[in-house]
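Remarks on the overall topology
Read off the chains here:
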Amino acid sequence: AAYRALETDRSDALFRDPFARSLAGERGQQILNSIPDKRRHSWAYSMRTDLFDRFLQKEIDAGADMVINLAAGLDARPYRMQLPPTLQWIEIDLPDLIEYKQTILAGAKSACRVERVALDLADVTVRRELFARLGARAKKAVLMSEGLIIYLNPEEVATLARDLAAQSSFQRWITDLASPGLRRMIEKQVGKQLAGAGAPLKFAPPEGPPIFEKYGWHVLDIEPTLQDGADGTGPVAA
């Protein structure tokens, strides 16, 4: 959210998020200030946000009637994007985060119907029940997991992917995927901060996006955000 605020301040911003600074709050700014060369790396976060925006807009324009944001965090897309009012937007995250976000956005008006679900996605039984209920409500749902799966181990990613694929109405999944080289780069840059937060990076498969083929998904589109020695991969539409 703090990086989205930095992008919003630019005269040539890729997107505008008037809620980013409030959502980041003082704690978010402190975290940002703790990152070495924080502005040097801001482009990567801005590019990821912009790519997710574009992938989402494409699916919504193609008739998606529900967006399910897994580990939604401090995302503000339903408040800043141009969306059809009939769209169902579901945000899933931990109870404390949901409560904080609802407090910050209490006076804001969303472009579509927003529903927040307080749930630990690590609870497999409960999440499967939720996915089944949401799957029954949607005809064509698009899933998004921005900045999530890199923190899961391979077994957790496989189980989540299969749980999502089990719902016939869950037709698209937009996620970001890191290569082993990019994982090493991120750990070098902010490894200290991640260790302090108890959030080590885990999922960066050498197979790249094709790994999802094993879990019931077919890769439709890949948009790299970084192409150098690290060979980083950005959002994948599966």
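Right above here is the structure, for reference.
Quick look at the structure, then.

1. Considerations on the packing of aromatic side chains
One pass over the full model with this rule turns up six aromatic pairs. Measuring from centroid to centroid gives 4.3 Å for Tyr3 and Tyr45, while their planes differ by 10°, and the two rings are stacked. With a gap of 42 residues between them, Tyr3 in helix H1 (residues 2-8) and Tyr45 in helix H3 (residues 42-61) connect regions that are remote in the sequence. Note on Tyr3: relative accessible area 8%, which makes it buried. Here Phe131 and Phe170 contribute two aromatic rings whose centre-to-centre distance is 6.1 Å and whose plane-to-plane angle is 75°, an arrangement assigned as edge-to-face. Of this pair, Phe131 sits in helix H6 (residues 124-137) while Phe170 sits in strand S5 (residues 170-176); the two residues are 39 residues apart in sequence, bridging distant segments of the chain. Residue Phe131 is classed as buried on the basis of its relative accessible area, which comes to 1%. Judged by relative accessible area, which is 3%, Phe170 ranks as buried.

2. Some words on unusual backbone geometry
The backbone of Ala71 shows a phi angle near 55°, a positive value even though the residue is not glycine. As for its position among the elements, Ala71 is in the loop between strand S1 (66-70) and helix H4 (77-80).

3. What about the pattern of salt bridges?
Summed over all chains, the structure comprises 17 salt bridges. Note that Asp75 is salt-bridged to Arg77, the shortest N-O span being 2.8 Å. Take Asp75: its relative accessible area is 5%, and that puts it in the buried class. Residue Arg77 is classed as buried on the basis of its relative accessible area of 1%.

4. Observations concerning the environment of Ala111
Relative to the helices and strands, Ala111 is located in the loop between helix H5 (95-104) and strand S3 (113-118). Look at Ala111 and you get partly exposed, because its relative accessible area is 28%. Along the backbone, Ala111 and Arg80 are 31 residues apart, and their C-alpha atoms lie at a distance of 7.6 Å.

Reading the values: rules and limits
- Residues numbered from 1 in each chain as written.
- Predicted model: local features only at pLDDT ≥ 70, side-chain atom pairs only at ≥ 80, totals over all residues.
- Heavy atoms only, no water.
- Phe/Tyr/Trp six-rings, centres within 6.5 Å; stacked < 30°, edge-to-face > 60°.
- Helix = DSSP H or I, 4+ residues; strand = E, 2+ residues; numbered from the N terminus.
- Buried < 20%, exposed > 50% of the residue type's maximum accessible area, 1.4 Å probe, protein only.
- Salt bridge = Lys/Arg side-chain N within 4 Å of Asp/Glu carboxyl O.

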